[in-house]
Amino acid sequence: MIHQESLKKRLAKLAAPIFIETLLIMMLGAVDTIMLSRHSDSSVAAVGVVNQIIMLTFLVFEVINLGTSVLCSQYLGARLQKKVVQVVGVSLVVNVIVGVSVSLFLFSLAGPILRLMGLTPELMTDGMDYMRIVGAFAFFQALSLTLSASLRSANKAIYPMLVTVVVNILNIIGNYSLIFGRFGFPELGVEGAAISTAFSRGVSMILLFIILFRKHIHRFPLAYFRPFPWIELKNLMKIGLPSAGEQLSYSSSQVVITFFINMLGVEALATRTYCVNIIMFAYLFSISMAQGGAICIGHLIGEKKPHAAFLMGKYVMKKSVMITVILSTVLAVFGNTIFHWLTSNEEIIRLGTTILIIDVVLEIGRPINIFATNALRAAGDVTYPFYVGLIVQWSIAVGLGYIFGIPLEWGICGMWVAFLLDENIRGAIFVRRWYSMKWTKKGFIK
């Protein structure tokens, strides 16, 4: 019998480094934007469009990586080390093939893709430079994500976190040197930012490989892959396709919602951009708790301890909701002050302050949804979050968001009420699913 204190220690060991790593990744994007803004506003706009495309292609890598995390967690819990080696080996092979294919796609079709996105001629040169360089080395990220997933599932989340620290420092130095031409380097602008990003990701991949071989899987014996473990590839796809589909559905719904908000005008669109970036810090804690909790739940399912997994889930949901609501309340209280720091536009300040108040109620449901999609996937219940997300997000967040915002003329605040309903309805559905314990019969350990 596992005591609750033991479960909490397991969770803290995983969630703390994941929290720091996630925060550093968010800061990495912010540093890139700030540095490029000192170069020119047009470079920020061009790189912003390219990054949207690149991040969308990275969802392809998640098909394998999500499966890697789930299978490794369950197999490690069941002490099936050979299967862990097989899963990681298959994942690396598949993501090398997929990563190189995506790299070739982004490099060779940079021009047509950017023209399709409507990039203006004055932004095209910067956009092409960035996309060709970063896109050509996209396979670095494909392999890094697989290696990180493997290390996290083995309770070694601290190593990806430390690698992210190194990458942050390298990227800042690289950006400063190559964007502005410091330390004897040429002033390359956007091209310099792209080289810095690609180089940093390459270093990240090499460091993660070194750590994997020294701390987790010392070698990949050929005997483990003769004959080829097709069953593990099948399981990876069985988990990864609906899981990545759920993420793709969410990302697509956000694109449509952005289109609707754009219909309301520039002030509404600017307000959404500010709010999304502010609110992200409220639910950052719940992301790390959910990811750490999911790995622990995968281990417990592999150990045949479903009741302990259930208790872990209850604890993660309770703590995530409590902390996220407290943080969002703080943001709402200081909302007016925060927006006055960011802009002098009174309409944006009014809308943004109102949205932060509405968001307090929204943040009751969001942490539950972040937890449930991770935890149900870790338990093997992979299709349920996909169908719930597909039906509720598109009918409530997108459908009602449009009705409240456009025909009823409630604007962006009305849309945020629809988002509130979406998050809390899905949250209620997922709480019911977790308490039903039906997910306990979905594991991959037979």
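Keep in mind that what you see is a predicted model, and the values were worked out from it rather than measured. (Residues numbered from 1 in each chain as written. Predicted model: local features only at pLDDT ≥ 70, side-chain atom pairs only at ≥ 80, totals over all residues. Heavy atoms only, no water.)

Trainee: Hey, could you run me through the pattern of salt bridges in this one?
Mentor: Any two side chains of opposite charge can pair, so long as their charged atoms come close to each other. A full pass over the atoms with the stated rule returns 8 salt bridges. Lys305 serves as the salt-bridge partner of Glu303, at 3.6 Å between the closest nitrogen and oxygen. Accessibility expressed as a relative area gives 21% for Glu303, which makes it partly exposed. Across the pair Glu347 and Arg350 runs a salt bridge whose closest N-O atoms are separated by 2.7 Å. Of this pair, Glu347 and Arg350 both sit in helix H13 (residues 346-379), 3 residues apart, roughly one helical turn. For Glu347, a relative accessible area of 29% puts it in the partly exposed group. A network of salt bridges, in which partner residues are shared, links Asp359, Glu363 and Arg366. (Salt bridge = Lys/Arg side-chain N within 4 Å of Asp/Glu carboxyl O. Buried < 20%, exposed > 50% of the residue type's maximum accessible area, 1.4 Å probe, protein only. Helix = DSSP H or I, 4+ residues; strand = E, 2+ residues; numbered from the N terminus.)

Trainee: It is not clear to me how the packing of helix H14 (residues 383-405) against helix H15 (residues 411-436) should be interpreted in this structure. Could you clarify?
Mentor: Think of two packed helices as two axes; the pair is described by the angle between the axes and how far apart they sit. Taken N-terminus to C-terminus, the directions of H14 and H15 make an angle of 160°; their axes are 8 Å apart at the nearest point. Between H14 and H15, the angle is such that the two are roughly antiparallel. With respect to the hand of their crossing, H14 and H15 are arranged in right-handed fashion. Residue classes in the contact of H14 with H15 are distributed as 16 nonpolar, 6 polar and 3 charged. (Axes fitted to C-alpha atoms, helices over the stretch in contact; angles between N-to-C directions. Parallel < 35°, antiparallel > 145°, perpendicular 65-115°, else oblique. Left-handed = near helix turned anticlockwise from the far one by under 90°. Nonpolar A, V, L, I, M, F, W, Y, C, P; charged D, E, K, R; others polar.)

Trainee: For this particular structure, what's the right way to read the side chain of Ser328?
Mentor: Relative to the helices and strands, Ser328 resides in helix H11 (residues 306-333). The residues contacting Ser328, other than those within four sequence positions of it, are Ala282, Leu356, Asp359, Val360 and Glu363. (Contact = heavy atoms within 4.5 Å.)

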